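As a plain string of letters, each chain reads:
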Amino acid sequence: MNKVLMQGNHVIAEAAIRAGCTFYAGYPITPQNEIPEYMSEQLEKRGGVFIQAESEVAAINMVAGAGAAGARAMTSSSSPGISLKQEGISSMAACEIPALIVNMMRGGPGLGNIRPSQGDYFQATRGGGHGDYRIIVLAPASGQEMADLTMAAFDLADQYRSPVMILADGMMGQMMEPVVFREPKPRNYDTKYAMTGAGTGKSKIIKGLILDPYEMEENNWRLARKYARITEQETSCESYLTDDATMAIVAYGTAARVAKGAIKRLRADGLKAGLFRPISLWPYPSVALRELAERIKQFFVFEMSTGQMVEDVHLALKGSADVVFHGRPGGVVPTPAELANVIYRQYQNGKAR
Amino acid sequence: MNKVLMQGNHVIAEAAIRAGCTFYAGYPITPQNEIPEYMSEQLEKRGGVFIQAESEVAAINMVAGAGAAGARAMTSSSSPGISLKQEGISSMAACEIPALIVNMMRGGPGLGNIRPSQGDYFQATRGGGHGDYRIIVLAPASGQEMADLTMAAFDLADQYRSPVMILADGMMGQMMEPVVFREPKPRNYDTKYAMTGAGTGKSKIIKGLILDPYEMEENNWRLARKYARITEQETSCESYLTDDATMAIVAYGTAARVAKGAIKRLRADGLKAGLFRPISLWPYPSVALRELAERIKQFFVFEMSTGQMVEDVHLALKGSADVVFHGRPGGVVPTPAELANVIYRQYQNGKAR
Amino acid sequence: MKGKITIREEFCKECHYCLAVCPTGHIAAGAVFNSRGYRPIVINPDGEACTGCALCALVCPDIAIEVYRE
Amino acid sequence: MKGKITIREEFCKECHYCLAVCPTGHIAAGAVFNSRGYRPIVINPDGEACTGCALCALVCPDIAIEVYRE
Amino acid sequence: MKNIFSKPKCFKDNIFHYCPGCGHSIAHRLLGEVIDEMDIRGITVGVPPTGCAVLAYNYLDIDMIEAPHGRGPAMATAMKRVLPDRVIFTYQGDGDLAAIGIAESFHAANRGENITVIFINNCVYGMTGGQMAPTTLLGQKTTTSPFGRGATSAGFPVKVSEMISSLGRTAYVERCSLTSPAGIRKTKKAIKKAIQYQMDGIGYSLVEILSPCPTNWKMTPLESLKWMDEVMVKEFPLGVFKDVMGKDKEEVVTHAG
Amino acid sequence: MKNIFSKPKCFKDNIFHYCPGCGHSIAHRLLGEVIDEMDIRGITVGVPPTGCAVLAYNYLDIDMIEAPHGRGPAMATAMKRVLPDRVIFTYQGDGDLAAIGIAESFHAANRGENITVIFINNCVYGMTGGQMAPTTLLGQKTTTSPFGRGATSAGFPVKVSEMISSLGRTAYVERCSLTSPAGIRKTKKAIKKAIQYQMDGIGYSLVEILSPCPTNWKMTPLESLKWMDEVMVKEFPLGVFKDVMGKDKEEVVTHAG
Amino acid sequence: MLVKTVFAGFGGQGVLMMGYSLAHSAMSAGYEVTYMPTYGAEVRGGTAHCTVAIGDEEIASPIASQPEYLVVMNGPSLAAFQSIVAPGGAIFLNSSIVNEAPRRNDVEVYKIPAVEFADRLGNAKTANIVMMGALVKKLAIIPQETFLQSIEAILGGRKKSALEINRRAFGEGYNYL
Amino acid sequence: MLVKTVFAGFGGQGVLMMGYSLAHSAMSAGYEVTYMPTYGAEVRGGTAHCTVAIGDEEIASPIASQPEYLVVMNGPSLAAFQSIVAPGGAIFLNSSIVNEAPRRNDVEVYKIPAVEFADRLGNAKTANIVMMGALVKKLAIIPQETFLQSIEAILGGRKKSALEINRRAFGEGYNYL
Ligand SMILES: Cc1ncc(C[n+]2csc(CCOP(=O)(O)OP(=O)(O)O)c2C)c(N)n1
Ligand SMILES: Cc1ncc(C[n+]2csc(CCOP(=O)(O)OP(=O)(O)O)c2C)c(N)n1
Ligand code: SF4
Ligand code: SF4
Ligand code: SF4
Ligand code: SF4
Ligand code: SF4
Ligand code: SF4
Ligand SMILES: [Mg+2]
Ligand SMILES: [Mg+2]
């Protein structure tokens, strides 16, 4: 097994190519420029198509075209660029076009800055676009997971004919870690829908327009059932040191890494802390969290935002446990020690012991 | 008081002009074309500026420019067009530029159709754009409210230096009802920030870029405090026949109208139904709903979507009452009788009596 | 008779492009509504014979005319 | 001496545009780093006198040169 | 007697949803005839627009994928790059191509994507009820230019063929009109040539088709044709604007036929 | 002795964040000098881009409002319409103007908005680390064209001045270069004229400024100037492309100065 | 009280105007009222229709599922809409154009040769006003004069003579039943 | 074990390369490792820096708050970063360029005249490798040879002679302390 030291952005790009991605379109934006840069060189060398699109809007629609034409296709951007893709994403969800969308989040709203942040959780999980739809959102917390989830994302996209998003941030994108690229699954999905010309058979249509409201309603429920199926089958999370824990931090991505560091310190200081880390942000691992809440009654939600995922925690727990929120928005990544201090202060009066 | 019979779209446009709106930019899309059409004629006649923008993206940024220049400015669109405005909205929230954005929702996702729908609730209330921000979202349920809330929206926008959205749908936009235009409040707000040239004084900057993450973090919390202030002061809702009710429908906009019709029927059939109607969707009237739940333990959430606002109901109630969801997505507006039937079936076994 | 046309009455939308181009006056405006609210053209009882030139079909936006020739 | 320049050392970024245009060779590359890691230009001890032509300032991207003339 | 004219083979037999006298359905038919004649139904993918022609797939019996308003060229770009041996065309209105989609149109053309753009210029946003389009004529009244389009606030009509043909890597650009049998025949020839160029790998082609929208022009169909011949074509002269295989710019004829 | 050259009065005294030899700060200074000379600091509003010049407000002591990437012309359009007696300019890079913002740029120009666009062409996306821009030259290596820009996949460089000047309602378009004292003086004159035209109500003006980006070109500053004079200017010839008050197109000079 | 009326016909038959005038006059007569037109591209080519609801309290939904009244201007509209009329309701037929008879036998049917009347008045376009005369009479909740004033308010600065024709058209319908 | 090292200097001094080579060799030596560079426009003109964390279990955060080691290639970087070093840690100074002495007296300070060494080897650009020699020695967790192999792996197909200079530069730093 070949371990390589690679920057997160490169890991995603390389994993994508290994997973059979043959089409990339994107528009530069920090902190994810290394993805298009890598693609511009590697796809060209390895027989794929790289297009630097004129905008994020063009990029997402190119990816829709490539995905509809049967290619494994992807785009990547960061927060403001992802906002521009929302009509396209909604349209792809409606048209059920598989593709990978990467969001390396940065500080927002607006231009904000280019530091790591988690302010786009709502946008990713609630549909920043219009209408009743969801996309699968995966949040890696290490270089290795960047590789693995990128490959998994293409499979999920194919399996459910849906756009899938990798939601990470500037730190995940820029950091280098050792990574092992696993063998991707063979692409073994029905692609009969693909727009390749009708041949001698029936012609195919891909569309989101359904003028009749009752037909549209039925279609909305059909999609809703698909989303329910995904929720049942594709939810994933990690529980870390929760077995004996008296309180659990809930955090994803970069925040979860910081939390792990904090947990070591907290345990050294006598607070039995654990971590519940959602890996799929949509579907949210509500069931697993609820199960955990049967034993643990103190949850400390930590996000690099002013509080977004915390809503999913509340929705999962529905009042069955105490939930405290701590946020560090704007591009700040606190140190494990800082976070441990906050948590320690919160629970030191024996509350959570 | 002069009562006029006017289409919802025209009501909004007229109310806006009366409230001092002097700038409109927008791009055609059904079912809100009558807003730009009205504006193209009336603003021209009444000394304002109408621009048919080249796209929704251009329109929102024009409105940002006009708002920043000190004008009362607005744009309007429907679902797909609103998706395209998300980067602009996030940017305006970051730059704290006041303006009115109207979304006459239609069936989605994607192109969908042009019938009335409520599938953009998440997008409107959770920030379809990137980063930690909120905009005020108002949901009128009658022609009169279209007029009143449009005027109120401009005041809120000025008071909080924030984009404000009117979230309605094709039915609200197309339907005619008698309306009385109230006298708007005088525009009495600090507009020192406006980009009018520095004169002989200090120059001003409007920006969302804050490269230093700690400064950005502080800014995010400052905005969060503003949002908390709005939540405290600007939440609004209507309670209808809830005093003696054993169950309450929770619905907004068009759905709430249908619900009112259903309630009459249900009460005739012996089910003491009431209605809780959020008028401000963000900030959500959680406190009022929670108070209601001290007495009523059965809530029936009805949306013309597959279920979006229901999350806010859960978040407000945190398990303290039973919540049932009923959705009619895709452009369907059920009749009051249909809705009454569903509710009756749900609660007839004495559960809610 | 060299040519012949058949009119697909449900397709015709009464635009009268065909009338304007028919060199022989073979077509006339109709008077009877179809189910979609249009009055399809009819063969002009007073017109000359159809030459099968197909000009009417060429300009017809609704493929409402089929043309036959010997 | 007809002219004179002063160099704002913290502003200079060592691009040497000024060197390239000074008609009198009055400017020379510097050797000492400023706090921002650049070596600002210096007055060339071997150069001719400054004429105050201001070409150096005109091309300087960093407004690092002020020019004086009698 | 032999049938010498009926619907194209690659057509579904649906009644068009278009208004009486609308040019869209003529353009559709011509496309269909070309696809038949070139025998390319099986390898062609069309990208209809958001606009009145959004339902083009109800008529053309070929693979079709809807594009969000204005984004057809971006989609088509990707499809052609992924499937270089297929025939890919977009079909776009003037709002779609020249307003919301100008960026995608400009850049696909500038890149010289080997696709074909069928561009229906009817001076108006048809589908949404007759608002001003980039191509609306000066003085023309629409629902959003109730006093007539004024250059000071809305600018001059956008000349798509002129602009696109000025881009280095475009191969073939022609403007045609549907007002007469000759114009219709010429349009068909242009479509065929455009697709042939694509198949021969010569590059990006655009056929601009002046097309009546009687409904929103508030004219009868026949009045519409007259207005096109007398007024519209003055602003949008017909002719070949670019043909990298022939002379660079044919004489510009100002009337159809 | 009299000070005959120091920072413009309308400048804040901050050290530029630009790289050594970057042309942005020269353009800023020229703008500042023009604002001083025309005495319009108090009535001017600038719209800096998303790009290396996003922080222009750290230097120019005038009212400034940041535009989302590419949207400056839309913002400026509205500001000028709302405040017709103010001087409104956008300041935009080639990515900002010609890639993501081409639609807003094209349409603001086509409407003939009475604004001034200062357009910095440095053949590259500076801020994001040197990716290919619409203006990148054929064969030029960038971080997203590692084998050099190829026409077949990326098309020819976009000629902004040429395209904008072809639009009916634009008033004044000139391309200048910062490679020499004469070029810099000419650039300043162009900026001044552009703003004068705006103040006189003559209409839309655009000054394209060829500007070095040594960092992303991977050259020294002086090498950059040489490359501009020897290579870049061949693709982007200097001169006045449009001047509705003078002759329509001055002789196009191919070298700065 | 809550009365809903659906108007249907081809575009160009003044269907939306009929609904609007009813809603307007009902408003003037002091009722709560909603008017809901068809909208968007679907109007194109096909049939147009609209719904007016008149009530004495706030009207829940402007969309009629079971309207008490249906005014039908052409054959296809009869086919499309007759089934939705509430039992015991009424259908008003523009019998000049609609030859078919309604299949429904649980509703009243009024046949008004509106085009003939209108033609006789010299303006075929007023057929819709003729129909309104009949409808307003049967509705019996809006005073004749209120309706006529609404029509005049809506048509605004039109020529006196045109207004006069409308008054007479209305009268023909009103008196026909 | 968890050791964090911050490298800082001007762009062009090979600062990112130092961090990368350390991370790479630590990975080869079997450790968990993260490497975090500065990124984005802030690199421009200013100082560049990066952080390497080496541990024997999963590393929580790649961002160093209190690094044990600081390698400083120029004066401004010393000013900017000296305060963050953990008490008891160490600062490695490129003393050829950094004239200032650290203010900290709770850390060890190693001054390496790296540019002189590098100049003597005929390639001033290898000053960073000289520094690495000193650092790797003091870190004492990565075998010399492992580090040198990493350097060679990173530089890839460079000329033998260049690689040889690097080896010697490394040796100079290693043996200097
Ligand atoms: C993002 C978005 N904006 C706006 C619309 C509404 N819309 C649909 S078609 C259209 C314009 C149609 O005009 P044109 O492209 O000229 O085509 P035509 O109908 O005239 O053939 C508009 C504005 C939409 N569907 N999506
Ligand atoms: C919507 C959006 N997309 C992308 C970016 C990232 N971005 C910032 S500046 C820039 C391009 C800068 O290039 P250019 O406009 O040529 O300006 P320069 O820096 O070269 O002066 C890009 C792609 C962004 N901030 N927002
Ligand atoms: S085929 Fe020719 S002659 Fe016959 S009806 Fe048509 S146009 Fe007339
Ligand atoms: S051209 Fe076609 S649609 Fe028009 S009237 Fe003739 S047959 Fe009918
Ligand atoms: S002012 Fe002229 S002579 Fe003096 S230093 Fe500058 S360029 Fe040289
Ligand atoms: S031109 Fe300015 S910045 Fe460049 S070297 Fe000379 S003084 Fe320094
Ligand atoms: S609105 Fe115009 S373009 Fe659309 S179908 Fe009708 S005539 Fe054709
Ligand atoms: S990257 Fe280029 S454009 Fe940006 S500041 Fe540096 S030199 Fe100037
Ligand atoms: Mg059109
Ligand atoms: Mg640039």
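## Some words on the overall build of chain A
Within chain A, the regular secondary structure consists of 13 helices and 15 strands. For 353 residues, the compact-globule estimate of 2.2 N^0.38 gives 20 Å, and chain A sits close to it at 20 Å. By principal-axis analysis of the C-alpha atoms, chain A measures approximately 75 × 50 × 40 Å. Considering only residue pairs separated by 6 or more positions, chain A has 79% of its internal contacts joining residues 24 or more positions apart. Of the roughly 9800 Å² of accessible surface on chain A, a fraction of 48% belongs to carbon and sulfur atoms. One way to put it: in chain A the 37 positive side-chain charges average out to a point 4 Å from where the 36 negative ones average out.

## Section: the interface of chain B and chain A
Opposite the 58 residues of chain B that make contact, chain A presents 58 residues. Together, the buried faces of chain B and chain A total about 4900 Å²; carbon and sulfur atoms form 61% of this surface. Taken as a group, Pro109, His130 and Asp132 of chain B account for 14% of the area that chain B buries against chain A, more than any other trio of residues on that side. The tally of links between chain B and chain A comes to six salt bridges.

## Section: the site of ligand 6
Looking at ligand 6, there are 13 residues lining it, with Cys12, Cys15, His16, Cys18 and Cys60 of chain D nearest. The class makeup of the residues in the shell around ligand 6 is nine nonpolar, one polar and three charged.

## Description of the nonpolar core
Across soluble globular proteins, nonpolar side chains show a tendency to be buried alongside one another. Counting 309 residues, the largest nonpolar core has Phe23, Met39 and Met74 of chain A together with Phe23, Met39 and Met74 of chain B as its most contacted members. Excluding residues that lie within four positions of it along the chain, Met39 of chain B makes contacts with Ala13, Ala16, Ile17, Cys21, Tyr24, Glu44, Phe50 and Met74 of chain B.

## With respect to the coordination of the magnesium ion (ligand 9)
All names here are of chain E. In this structure, Asp94 (OD), Asn122 (OD1) and Val124 (O) serve as the protein donors to the magnesium ion (ligand 9), at separations of 2.1 to 2.2 Å. Spacing between the donor residues of the magnesium ion (ligand 9) along their common chain follows D-x27-N-x1-V. Using a relative accessible area of 6% as the deciding quantity, one classes Asn122 as buried.

## Some words on the interface of chain F and chain D
Each partner contributes residues to the interface: chain F has 30 residues there, and chain D has 31 residues. Between chain F and chain D, the buried area comes to about 2400 Å², and carbon and sulfur atoms account for 69% of it. Considering only the side of chain F, the residues that lose the most area to chain D are Met1, Phe5 and Ile15 of chain F, jointly responsible for 28% of the buried surface there. The interface formed by chain F and chain D includes one salt bridge. Asp13 of chain F is the salt-bridge partner of Arg8 of chain D, the closest N and O atoms lying 2.9 Å from each other. There are eleven residue pairs in polar contact (both at pLDDT 80 or more) connecting chain F and chain D. Within the residue set of the side of chain F that touches chain D, elements represented by two or more residues are β1 (2–5), α1 (24–38), α7 (181–199) and α9 (221–235) of chain F.

## Re the site of ligand 1
The local shell around ligand 1 holds 23 residues, among which Glu56 of chain B together with His24, Asp94, Asp96 and Gly126 of chain E are the closest. The local environment of ligand 1 is shared, drawing residues from chains A, B and E. At a separation of 2.7 Å, an oxygen atom of ligand 1 approaches a polar backbone atom of Gly126 of chain E. In this structure, Met127 of chain E approaches ligand 1 through a main-chain N or O atom, which is 2.9 Å from an oxygen atom. Within the complex, the protein chains bury 99% of what would otherwise be the 590 Å² of accessible surface of ligand 1. For the shell around ligand 1, the elements supplying multiple residues, two or more each, are α3 (94–100) and β6 (124–125) of chain E. When its residues are assigned to classes, the shell around ligand 1 shows ten nonpolar, nine polar and four charged.

## So, the pairing of strand β8 (residues 170–177) of chain F
Residue and element names in this part refer to chain F. The buried count for β8 comes to eight of eight residues, which makes it a mostly enclosed element. Summarising the sheet, β8 and strand β9 (residues 204–210) pair through seven bridges and their orientation is parallel. The residue of β9 that forms the bridge with Val173 is Leu206. A crossover links β8 with its parallel partner β9, the connecting element being α7, and its sense is right-handed. Pairing of β8 with strand β10 (residues 239–243), which is carried by four bridges, proceeds in the antiparallel orientation.

## Topic: empty space enclosed by the protein
Following the criterion strictly, the structure yields 15 cavities of 30 Å³ or more and no others. Looking at the largest cavity, its volume works out to about 150 Å³. Around the largest cavity sit 14 residues that line it, and Gln52 of chain A, His107 of chain E together with Met132, Pro134 and Ala154 of chain F are the ones nearest its centre. When residues of the lining of the largest cavity are assigned to their parent elements, the largest contribution, three residues, is made by helix α4 (residues 102–111) of chain E. Of the residues assigned to the lining of the largest cavity, the class counts are eight nonpolar, three polar and three charged. Approximately 120 Å³ is the volume found for the second largest cavity.

## Examining the pattern of salt bridges
Going through the model one piece at a time under the given rule, you end up with 88 salt bridges over all chains. Notably, a salt bridge pairs Arg46 of chain A with Glu14 of chain A, separated by 2.9 Å at the nearest N-O pair. Placement of the pair is Arg46 of chain A in the loop between α2 (34–45) and β3 (49–52) and Glu14 of chain A in helix α1 (residues 8–18), with a sequence separation of 32 residues. Judged by relative accessible area, Arg46 of chain A falls into the partly exposed class, the value being 40%. In this structure, Lys192 of chain B engages Asp190 of chain B in a salt bridge whose closest nitrogen and oxygen atoms are separated by 3.3 Å. Classification of Lys192 of chain B by relative accessible area gives exposed; the value is 64%. Judged by relative accessible area, which is 45%, Asp190 of chain B ranks as partly exposed. One salt-bridge network, in which partners are shared between bridges, spans Glu145, Glu238, Lys260 and Arg277 of chain A together with Glu58 of chain H.

## A short note on the coordination of the magnesium ion (ligand 10)
All names here are of chain F. Coordination of the magnesium ion (ligand 10) by the protein involves Asp94 (OD), Asn122 (OD1) and Val124 (O), with metal-donor separations of 2.1 to 2.2 Å. Mapped onto the sequence, the residues coordinating the magnesium ion (ligand 10) show the spacing D-x27-N-x1-V. Note on accessibility: Asn122 and Val124 belong to one class, buried.

## What about helix α9 (residues 213–233) of chain B?
Here α9 of chain B is 21 residues long and its end C-alpha atoms lie 30 Å apart, about the 30 Å a rise of 1.5 Å per residue gives. Buried positions along α9 of chain B lie against β15 (322–327) of chain A together with α5 (86–95), β6 (136–138), α7 (143–160) and β13 (280–282) of chain B. Its side-chain oxygen at 3.1 Å from the backbone nitrogen of Tyr214 of chain B, Asp212 of chain B defines the N-terminal cap of α9 of chain B.

## A closer look at the packing of aromatic side chains
Per the counting criterion, the structure on display carries 36 aromatic pairs over all chains. Arranged with centres 6.2 Å apart and planes meeting at 65 degrees, the rings of Phe300 of chain A and Tyr347 of chain A form a pair that is edge-to-face. Of the two residues, Phe300 of chain A is situated in strand β14 (residues 298–303) and Tyr347 of chain A in helix α13 (residues 336–347); the sequence distance between them amounts to 47 residues. Between Trp217 of chain F and Trp227 of chain F, the ring centres sit 4.6 Å apart and the planes meet at 55 degrees, which makes this aromatic pair tilted. Taken together, the positions of Trp217 of chain F in helix α8 (residues 214–217) and Trp227 of chain F in helix α9 put the pair ten residues apart, joining distant regions of the chain. The pair formed by Trp217 of chain F and Trp227 of chain F is uniform in burial state, with each residue classed as buried. Members of the aromatic cluster, connected to one another through ring pairs, are Phe11, Phe16, Tyr18 and Tyr59 of chain E. Taking NZ or CZ as reference, Arg126 of chain A lies 5.7 Å from the ring centre of Phe122 of chain B, over its face. When the ring centre of Tyr193 of chain B is taken as reference, the NZ or CZ atom of Arg161 of chain B above it lies at 3.9 Å.

## A closer look at the side chain of Arg29 of chain F
Residue placement: Arg29 of chain F occurs in helix α1. Owing to a relative accessible area of 0%, Arg29 of chain F belongs among the buried residues under this scheme. For Arg29 of chain F, the side chain forms a polar contact with the main-chain oxygen of Ala57 of chain D, separated by 3.1 Å. Setting aside chain neighbours within four positions, we find Arg29 of chain F in contact with Ala57, Leu58, Cys60 and Ile63 of chain D together with Phe5, Pro8, Phe11 and Ile184 of chain F.

Cut-off values and rules
- Residues numbered from 1 in each chain as written.
- Chains lettered and ligands numbered in written order.
- Predicted model: local features only at pLDDT ≥ 70, side-chain atom pairs only at ≥ 80, totals over all residues.
- Heavy atoms only, no water.
- Helix = DSSP H or I, 4+ residues; strand = E, 2+ residues; numbered from the N terminus.
- Rg over C-alpha atoms; globule rule 2.2 N^0.38 Å.
- Contact = heavy atoms within 4.5 Å.
- Areas by Shrake-Rupley, 256 points an atom, 1.4 Å probe, with all protein chains shown as cover.
- Lys, Arg positive; Asp, Glu negative; His and termini not counted.
- Charge placed at Lys NZ, Arg CZ, Asp CG, Glu CD.
- Buried area = accessible area lost by both parts, 1.4 Å probe.
- Salt bridge = Lys/Arg side-chain N within 4 Å of Asp/Glu carboxyl O.
- Near = heavy atom within 4 Å.
- Nonpolar A, V, L, I, M, F, W, Y, C, P; charged D, E, K, R; others polar.
- Core = buried A, V, L, I, M, F, W, Y, C linked by side-chain atoms within 4.5 Å.
- Buried < 20%, exposed > 50% of the residue type's maximum accessible area, 1.4 Å probe, protein only.
- Donors = N, O, S within 2.8 Å, 3.2 Å for Na, K, Ca; no water.
- Polar contact = N/O pair within 3.5 Å; in protein donor to acceptor, adjacent residues only side chain to side chain.
- Pairing = 2+ DSSP bridges.
- Right-handed = clockwise from strand over helix to strand, strands pointing away.
- 1 Å grid on protein atoms, 1.4 Å probe; cavity = no way out; pocket = protein on both sides within 12 Å on 5 of 7 lines; lining within 4 Å.
- Points joined across faces, edges and corners; volume = space filled by probe spheres on them.
- Expected span 1.5 Å × (residues − 1).
- Phe/Tyr/Trp six-rings, centres within 6.5 Å; stacked < 30°, edge-to-face > 60°.
- Lys NZ or Arg CZ within 6 Å of the ring centre and 35° of its normal.

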